[in-house]
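Single-letter residue listing:
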Amino acid sequence: MPLWLYWILLGLIAGSLAKFLVPGRDPSGCIITIVLGIVGAFLGGWLGTRFFGWGTVSAGVLDFRSIGIATVGAIVLLLIGRLFRRRL
């Protein structure tokens, strides 16, 4: 599978799981969900290696660890976005 397709698929899965696991209304569409998951994968990989020793998101391998790390990062981004949206 090409690397760009892997990141889109990982972003879609992680973003969808994050939106499912965090209760509340989110009116964003499919593209925003994918971007949320991709950026969440980068954030989750950084947090996982820097603070928790979880390892990184494995590029080119779609396994449960990569999906979990990306989902945790997407949840963090989703919560931060909701905090900023409430303050505005």
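Scroll up to find the structure.
Residues numbered from 1 in each chain as written. Predicted model: local features only at pLDDT ≥ 70, side-chain atom pairs only at ≥ 80, totals over all residues. Heavy atoms only, no water.

### With respect to the nonpolar core
Across soluble globular proteins, nonpolar side chains have a tendency to be buried as a group.
Part 1 of the argument: With seven residues, the main nonpolar core is built from Y6, W7, L10, A14, A41, I67 and A70.
Part 2 of the argument: Those elements that provide at least two residues to this core are α1 (3-21) and α3 (64-87).
Part 3 of the argument: Here the element with the most residues in this core is α1; it accounts for four residues.
Part 4 of the argument: Aside from chain neighbours lying at most four places away, what touches A14 is G37, A70, T71 and A74. (Core = buried A, V, L, I, M, F, W, Y, C linked by side-chain atoms within 4.5 Å. Buried < 20%, exposed > 50% of the residue type's maximum accessible area, 1.4 Å probe, protein only. Helix = DSSP H or I, 4+ residues; strand = E, 2+ residues; numbered from the N terminus. Contact = heavy atoms within 4.5 Å.)

### Here we look at the side chain of R82
Part 1 of the argument: Positionally, R82 belongs in helix α3.
Part 2 of the argument: The exposure class assigned to R82 is buried, which follows from its relative accessible area of 12%.
Part 3 of the argument: When neighbours within four sequence positions are excluded, R82 is seen to be in contact with V22, P23, G24, R25 and D26.

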